[in-house]
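Structural characterization, general
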Amino acid sequence: MATMLRGRRSDATAAPGTRAARPSWGARVAARAGRGAARVSRGLGVGGAAVLPGRVASALWPGALRELAAGRHVTLVAGTNGKTTTTHMLAAATATAGPVAHNRTGANMADGALAALIDAPTAPRAVLEVDELHLPAVAAATDPAVIVLLNLTRDQLDRVSEVGRTAAAIRAALAARPGTAVVANADDPLIAWAAGGSAHTTWVGAGARWRGDSHVCPRCATLLVDDGGCWACPGCGLRRPEVTWWAEEVGGDALVVHGPGPAEGLALRPGLPGAANRANALMALAASAATGTPVAPAAAAIAVGDEVVGRYARRRVGPWTLRLLLVKNPAGWQQTQEILDPAAAVLMVVNARQADGADVSWLWDLDLTSLAGRQLAVAGERGADLGVRLSYAGVAHHHAPDPLAALRALPAGPVDVVANYSAFLALHGRLAREREQ
């Protein structure tokens, strides 16, 4: 269908942060078709059309992503964990300086990025979450001013393969874009190596509590050593870069930021709980500064909001009050353990669909000892696999395939629901529909 729409491509350029001249006739028609498809989809009640406009537009005009991104100040956010949350924080921060296109539902492949641009055709800035595997292709199409790199850990091994290969692909993508500014987490050795070749890197001390995937040097495979949180390779000399952004925890989830210029001493209190979200907030603040956004209003915007696309949302179901938490891999589980309510029962839900990865062997890397003695139920398409893992860990639990049936085995009161990606989306959507009835 790409040959259907032929028109004159625009040769106009624009300064960063300003909208370019109109895209070509073909790109405009493709974008209109994408918007029309989204309206039909919403009208039929088959979804919010977070991806469909991009799929339709790119099928009609393969260069649509490149043309609709042209002239915008584009920031891409990539990494294994925290992409959606950090992108939401960064979009809120940069929106203090003007309109922003943002794939807010977390649709993080090329069609999701294109859908976000179609949805905000005149926004001069775009903040786009990008799947780490798709970062090279999306960066080539959107010519980003800034790329933000959070962390790299094992995730969906049947699709993504080994994490070292992902780091190498990101390093090559950055090498192809020498003018792009990079904001990178210095505490993750894989990220530090991937971003180390960039000429314009801002290093952030965002922390890396999970180091299960970075025991060896990504450059020479020598076992890394860690001296007080500063990792180094005794073989080739690769080490944690000197950071220009870091933060002190001053109680609760509050931070005092240390950074360049007006960022020094700034108070930052993310609205979301836990060390992982404090790290996400610091990365978002550093990235917003890289986009030219004033840091004080950016920090205030980052502090707003207590849920992101259903994450951390609280829902009442009969006598239970659910808090919805997303966990996709061992690193995410370690972070989530820190914020589980000790007074709450726990419901764990696991699927293995395409969006999750078919391989659930990651369950065997979870440290489940903290669940011993708690009221616990498991559910989902792979709930039995999780049940076997819990049994080997000596953790008593109830099991039912349906999450709400499993919930009925738990006492009334607060329940922390820990679910992987498709299980989380399915349960969140189900609860939303039941609230509307």
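Check the entry above for the structure.
The following refers to the structure shown. Quick caveat, the model's predicted, so the values are computed rather than measured. (Residues numbered from 1 in each chain as written. Predicted model: local features only at pLDDT ≥ 70, side-chain atom pairs only at ≥ 80, totals over all residues. Heavy atoms only, no water.)

What to know about the nonpolar core
Put simply, the rule reads: To form a nonpolar core, buried Ala, Val, Leu, Ile, Met, Phe, Trp, Tyr and Cys residues must be joined to one another through side-chain atoms within 4.5 Å. Burial classes: relative accessible area under 20% of the type maximum marks a residue as buried, over 50% as exposed, and values in between as partly exposed (1.4 Å probe, protein chains only). Here a strand is any run of E in DSSP of at least two residues, a helix any run of H or I of at least four, and the numbering for each starts at the N terminus. It only takes one pair of heavy atoms within 4.5 Å for two residues to be counted as in contact.
The biggest cluster of nonpolar side chains holds 55 residues, and the ones touching the most others in it are Val-148, Trp-245, Leu-285, Trp-333, Met-348 and Leu-371. Broken down by secondary-structure element, the contributors of at least two residues to this core are helix H4 (83-94), strand E4 (146-149), strand E10 (255-258), helix H10 (275-290), helix H11 (295-302), strand E14 (345-349), strand E15 (376-379) and helix H13 (383-392). At eight residues, H10 tops the list of elements feeding residues into this core. Residues within four places of Trp-333 in sequence aside, it is in contact with Val-327, Leu-340, Met-348, Leu-366, Asp-367, Leu-368, Leu-371 and Val-418. Within the second largest apolar cluster, 50 residues are counted, among which are Ile-118, Val-138, Leu-149 and Ala-194.

Description of the packing of H10 against H11
Just so we agree on the cut-off: Fitting a line to C-alpha atoms yields each axis, with helices limited to the stretch in contact; the angle taken between N-to-C directions then spans 0 to 180 degrees. Each crossing is labelled by how the near helix is turned from the far one, with a counterclockwise turn of less than a right angle marking it left-handed and a clockwise turn marking it right-handed. Think of it as three bins: nonpolar holds Ala, Val, Leu, Ile, Met, Phe, Trp, Tyr, Cys and Pro, charged holds Asp, Glu, Lys and Arg, and polar takes everything else, Gly as well.
Orientation of H10 relative to H11, taken along the N-to-C sense of each, is 145°, at an axis distance of 10 Å. The interaxial crossing formed by H10 with H11 has right-handed handedness. Side by side, H10 and H11 meet where Ala-281, Ala-284, Leu-285, Ser-288 and Ala-289 of the first sit next to Val-295, Ala-298, Ala-299 and Ile-302 of the second. Its residues assigned to classes, the contact of H10 with H11 comprises eight nonpolar, one polar and no charged.

Looking at helix H6 (residues 135-142)
As a reminder of what qualifies: Directions drawn from the helix axis to the C-beta atoms are what define this arc.
Residues of H6 that are buried include every one of Leu-135, Val-138, Ala-139, Ala-141 and Thr-142, and no others. In a view along the axis of H6, the buried residues occupy a sector of 165°, so they form one face of it. On its buried face, H6 is in contact with helix H3 (64-69), strand E1 (73-78), helix H5 (110-119), E4 and helix H8 (163-175). Immediately beyond the C-terminal end of H6, within one or two residues, lies Asp-143, with a positive phi of roughly 50°.

Topic: the sheet that holds E10
To keep it simple, the criterion reads: Two strands pair if DSSP finds at least two bridges between them.
Strands sit in the order E9-E10-E11 across an open sheet of three strands; the sheet is antiparallel. Among the strands making up the open sheet, the edge pair consists of strand E9 (246-249) and strand E11 (267-268). Sheet topology places E10 next to E11; two bridges connect them, and they run antiparallel. When the bridges of E11 are listed, Val-256 appears paired with Ala-267.

Quick look at the side chain of Thr-80
Convention followed: What qualifies as a polar contact is a pair of N or O atoms within 3.5 Å, subject to a donor-acceptor requirement within protein and to the restriction that residues adjacent in sequence count only when both atoms come from side chains.
Among the secondary structure elements, Thr-80 is positioned in the loop between E1 and H4. At 3.0 Å, the side chain of Thr-80 and the backbone nitrogen of Thr-153 are in polar contact. Those residues in contact with Thr-80 that sit more than four places away from it in its chain are Glu-132, Asn-151, Leu-152, Thr-153, Asp-155, Lys-328 and Asn-329.

Brief notes about the pairing of strand E5 (residues 181-185)
The cut-off we apply is this: With the strands pointing away from the viewer, any crossover whose connection runs clockwise from the first strand over the helix to the second is right-handed.
Of all five residues in E5, four are buried; the element is thus mostly enclosed. Summarising the sheet, E4 and E5 pair through four bridges and their orientation is parallel. From the neighbouring strand, Ile-147 faces E5, where its bridge partner is Val-182. Pairing analysis gives four bridges linking E5 to strand E6 (residues 201-204), with the strands arranged parallel. By the bridge assignment for E6, Ala-184 is matched with Trp-203. Handedness of the crossover joining E5 and E6 through helix H9 (residues 189-195) is recorded here as right-handed.

Focus: the side chain of Thr-201
Mapped onto the elements of the fold, Thr-201 is located in strand E6. There is a polar contact of 3.5 Å between the side chain of Thr-201 and the side chain of Ser-198. The contacts of Thr-201, once residues within four sequence positions are left out, are Val-182, Ala-184 and Ala-195.

Side note on the environment of Arg-35
Here Arg-35 is to be found in helix H1 (residues 25-43). Residues Arg-35 and Val-56, spaced 21 residues apart in sequence, show a C-alpha to C-alpha distance of 8.9 Å. Those residues in contact with Arg-35 that sit more than four places away from it in its chain are Pro-53, Ile-118 and Pro-121.

Notes on unusual backbone geometry
Its identity as a non-glycine residue notwithstanding, Asp-143 has a phi of 50°, on the positive side. Residue position: Asp-143 is located in the loop between H6 and E4. Residue Ala-221 is not a glycine yet carries a positive backbone phi of 70°.

Details of the pairing of E9
Bridge analysis of E9 against E10 gives four bridges, and the strand direction is antiparallel. Paired with Ala-247 across the strands is Val-257, a residue of E10. The loop that links E9 with its antiparallel partner E10 comprises five residues; one of these, Gly-251, has a positive phi angle of about 120°.

A look at H1
What counts is decided by this rule: Expected helix span is given by 1.5 Å per residue-to-residue step, counting one fewer step than there are residues.
With 19 residues, H1 extends 27 Å between its outermost C-alpha atoms, agreeing within 8% with the 27 Å of an ideal straight helix rising 1.5 Å per residue. What H1 keeps buried is the set Gly-26, Ala-27, Val-29, Ala-30, Ala-31, Gly-34, Gly-36, Ala-37, Ala-38 and Ser-41. Where H1 is buried, its residues meet helix H2 (52-60), H3 and H5.

A look at the environment of His-200
Note that His-200 resides in the loop between H9 and E6. As a C-alpha pair, His-200 and Val-146 span 54 residues in sequence and 9.6 Å in three-dimensional space. Not counting residues up to four positions away in its chain, the partners in contact with His-200 are Pro-178, Gly-179, Thr-180, Ala-181 and Val-182.

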